[in-house]
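In case you want the letters, here they are:
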Amino acid sequence: MRSALIPILRREYLSRIMTKSFWIATAMFPLLAVAFTVLPPIMAAKSKSSIDPIVIVDLVGDYFPVLAGTDEKEVEGTRAPLQLDQGGGEPREAIERRLNIRAEAGEIQGYVIIDGETLRSGDLVFHARNPSSAIGADWLRNSLRRSMIKYRLLREGVAGPQIEAAITGISFGIEKATNDPKKKESGLAAFFMSFGLVMFIYFALILYGIYVLRGVLEEKSNRIVEIMVSSVKPFDMMLGKILGIGAVGLTQITIWVLFSLLITAPQVATVLAISKEFVPAVNAQALIFFPVYFVLGYFLYATIYAGIGSMFNTDEEAQQLAGVAQLFLVIPMMVLLPVIKDPNGGLATGLSLFPFFTPILMYLRITIETPPAWQIGLSIVIMVATILLMVWLVSKIYRVGILMYGKKPTIPELVRWLRYT
Amino acid sequence: MTSPSEAIRLVDVTKRYGEFTAVDAISFDVSSGTVFGLLGPNGAGKTTTIRMIMNIIAPDSGSISVLGRSSREASAQVIGYLPEERGLYRRMKVIDHVAFLGEIKGLSRAVARRRADDWLERFGLIEWRTKKVEELSKGMQQKLQFIGCVIHDPQILILDEPFTGLDPVNARALKDLLLEFRQQGKTLVISTHIMEQAEKLCDEIALINRARIVLHGSLPRIRREYSRNRLTIRGGGSLERLATLEGVDGVWHRNGETEVELADGLAPGEFLRRATMVCDIESAVPHEASLDEIFVRIVDPTALSSSPIEGDS
């Protein structure tokens, strides 16, 4: 009878892969991801305000060339063209009135007035058309600050090269304290990458769990279970469904991974060409343990969702208990920050060894700071044991539940189902 | 082929759900090559019994054997089962679905697809083979379910209320097909609460009521037994007065006819001689008890006692 598992698994897999909705959902995810990550900068770059010029009113007369000569490499950010305005002998109020009109007409982003007083005090004001989104304010601030220091030193008679040497940029980076050079990745990029993977596990476990729940409910509501259980063991039905939908999930994830490799390959190549330091943004353990905890988590939650599906007849009824199962995924998401702050503390260690939290929390800990090997091993052993226990328990509920129509079971009834042989 | 004479044998089979006893110490045999009717009112325990034969649920006590083997090893491969609650995967293609039903019964993929095509051809569904199941009419879907039940060429067919929802043409076609299966030597178990169908098809029956077997055996013998000492009488005058005659156990009026049950030892000739003295008798024939009548008489005796005019003996 074991052979029935294969056709069931194949049916579960193909009947989902061969639907339009599968491909639409598969395509939507990267499209949305692209939309949210790539589009905003593009839109920002394309937006008019960023290319509108900024007027520098140089009332000192010889400041602008110093500003224009600021080393491009020294300041990051999208630059807007700078326009020189020498004031034309007008009083300051008249200049401001004139430029305010131009700003309100949308011709310029704004203006900065430099006179002897501002040079002395250093109190610069950017009169911006849209102060709240003054794009480029960062580079403008840096450029102005550097050029003013340079200008002041020049006036004091310091030689150009000496000034350059003095004001060369000072930056502040963050790096992991380790003697393993491979692990000295840039902290922030690694964090976002890990965080993304943890979020992915969270969403994937819910998504595919609900698939399993729906699948069981559908079989119950269209009464196909009657035909199925006469031919195959309920256990095979359950296992076939869990494996089939798991295969659907892996297919989807594989498509996404290939897709993202494809579209990011040119950028990765460019980055590699510039500098090798950027490369491993995420540590190797994070990549190795991703499939491990995803698969373990999937089996645990898919089994639970299959059991819930077997107990009820409609989505609405099942939703309540499904919500409870989902809570076990939400709770770890709520303690992400404390765990990130102290990944090897008591709270993090304890919670990450609780099997229902393990896929998210232990994985999170691995991505941040590798926990002791024994803890990783123990978490896997506990999870496997829990999965086996759940499969045993749920299969008992499942074989009775799928044949029960009508009212929702009560707790005592469920306990009785467990005792049926 | 040396198959045992009993295709299915149940001995003291009991199944309880908590306090509720769904099947209570049931025993019966289904002889090979016969059409066996598992009869009883709704909720009597027929479906539970069938599910235990199919090894979908396990009995609390008692034993079930199918073709001489424990039902735990045998059921799915040798039995084709058409459940009462019927369903299909609505979004699968017809050919894929039928082949899938064959595959889960242990057929190889290639064989399952070939047989699926043969059966679709036979049921006139071949031009629908690449359509989705949900596009088919209800009658066509029932045909698919039936194909699913016979595609692995089982020795035994168990059909739970097979005629439900069929129009007269399809019901007739199904009946012919079932008789053809019997000709091939297959054993058929038909569960139904509609007695007329059982009457036309069955060689043997078991009647289940309130979790127990209340009647079991060959249909002609049972009918003979229940027809014994009974006469159907047509006539005029006051037929009610028949009840007053000595040796008459009961009188019923049904559909313009009057039925009389005679006490043991009262010969029909003697009864008629006495009867003609109290009323006009046009005809008197030995009563042929219908299964329906037997069923009602056993399952709900009160339904009958309301209509008869009791004898005063």
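Residues numbered from 1 in each chain as written. Chains lettered and ligands numbered in written order. Predicted model: local features only at pLDDT ≥ 70, side-chain atom pairs only at ≥ 80, totals over all residues.

Caption draft 1: Seen up close, the overall build of chain A. Broken down by element type, chain A carries 19 helices and four strands. A burial count over chain A gives 33% of its 421 residues as buried. Considering only residue pairs separated by 6 or more positions, chain A has 77% of its internal contacts joining residues 24 or more positions apart. (Helix = DSSP H or I, 4+ residues; strand = E, 2+ residues; numbered from the N terminus. Buried ≥ 20, exposed ≤ 12 C-beta atoms within 10 Å, placed from the backbone. Contact = placed C-beta atoms within 7 Å.)

Caption draft 2: The interface of chain A and chain B, seen in detail. Between chain A and chain B, the contact holds 18 residues from the first and 22 residues from the second. Going through the elements one at a time, α1 (5-17) and α11 (224-231) of chain A are the ones with two or more residues in the side of chain A that touches chain B. In terms of residue count, α11 of chain A provides more of the side of chain A that touches chain B than any other element does, six residues in total. Partitioning the side of chain A that touches chain B into residue classes produces eight nonpolar, six polar and four charged. (Nonpolar A, V, L, I, M, F, W, Y, C, P; charged D, E, K, R; others polar.)

Caption draft 3: Main features of the sheet that holds strand β2 (residues 82-85) of chain A. Residue and element names in this part refer to chain A. Read across the sheet, four strands follow the order β2-β1-β3-β4 without closing on themselves; strand pairing throughout is mixed. Looking at strand neighbours, the two that pair on one side only are β2 and β4 (126-128), the edges of this open sheet. Along the sheet, successive strands turn relative to each other by an average axial angle of 25°, direction set aside. Where strand β1 (residues 54-58) and β2 come together, four bridges link them in parallel fashion. The partner of V55 across the bridge, within β2, is Q83. The strands that helix α6 (residues 92-104) touches are β1 and β3 (110-114); relative to β3, the one it contacts most, it runs at about 160°. (Pairing = 2+ DSSP bridges. Axes fitted to C-alpha atoms, helices over the stretch in contact; angles between N-to-C directions.)

Caption draft 4: Examining the nonpolar core more closely. Counting residues in hydrophobic clusters, the biggest one holds 138 residues, and the most contacted among them are V212, A302 and Y305 of chain A together with V98 and I158 of chain B. Here V98 of chain B is in contact with A116, W119, L120, L144, I147, G148 and I151 of chain B, once residues within four sequence places are set aside. The next biggest cluster of nonpolar side chains, apart from the first, holds 18 residues, and it includes V55, F64, V112 and I113 of chain A. (Core = buried A, V, L, I, M, F, W, Y, C linked by C-beta atoms within 7 Å.)

Caption draft 5: Seen up close, the packing of helix α3 (residues 94-103) of chain B against helix α4 (residues 109-122) of chain B. All names here are of chain B. Between α3 and α4, whose axes approach to 8 Å, the crossing angle comes to 125°. Here α3 is positioned oblique relative to α4, judged by the angle of their axes. Classified by chirality, the crossing of α4 by α3 is right-handed. Residues V94, I95, V98, A99, G102 and E103 of α3 form the contact with α4, whose own contacting residues are R109, A112, R113, R115, A116, W119 and L120. Split by residue class, the contact of α3 with α4 holds eight nonpolar, one polar and four charged. (Parallel < 35°, antiparallel > 145°, perpendicular 65-115°, else oblique. Left-handed = near helix turned anticlockwise from the far one by under 90°.)

Caption draft 6: Spatial organisation of unusual backbone geometry. A positive phi angle, close to 70°, is found at R223 of chain A, a residue other than glycine. Tracing the chain through its elements places R223 of chain A in the loop between α10 (187-221) and α11. When the 16 C-beta atoms within 10 Å are taken as the criterion, R223 of chain A is described as partly exposed. The backbone phi angle of R210 of chain B is positive, close to 45°, even though this residue is not glycine. Considering the arrangement of structural elements, one finds R210 of chain B in the loop between β9 (204-209) and β10 (212-218).

Caption draft 7: Broad picture of the environment of I167 of chain A. Residues and elements named next belong to chain A. Mapped onto the secondary structure, I167 falls in helix α9 (residues 160-167). Given 17 C-beta atoms within a 10 Å radius, I167 is considered partly exposed. Between the C-alpha atom of I167 and that of L153, which follows or precedes it by 14 residues, the distance is 11 Å.

Caption draft 8: Region of the structure containing the sheet that holds β10 of chain B. All names here are of chain B. Reading across from one edge, β6-β7-β8-β3-β9-β10 is the order of the six strands in this open sheet, with mixed pairing throughout. A strand with exactly one partner marks an edge of an open sheet, and here the two such strands are β6 (79-82) and β10. Ignoring strand direction, the axes of neighbouring strands in this sheet form an average angle of 15°. With four bridges connecting them, strand β3 (residues 35-39) and β9 associate as parallel partners. Among the inter-strand pairings, G37 is bridged to a residue of β9, identified as I205.

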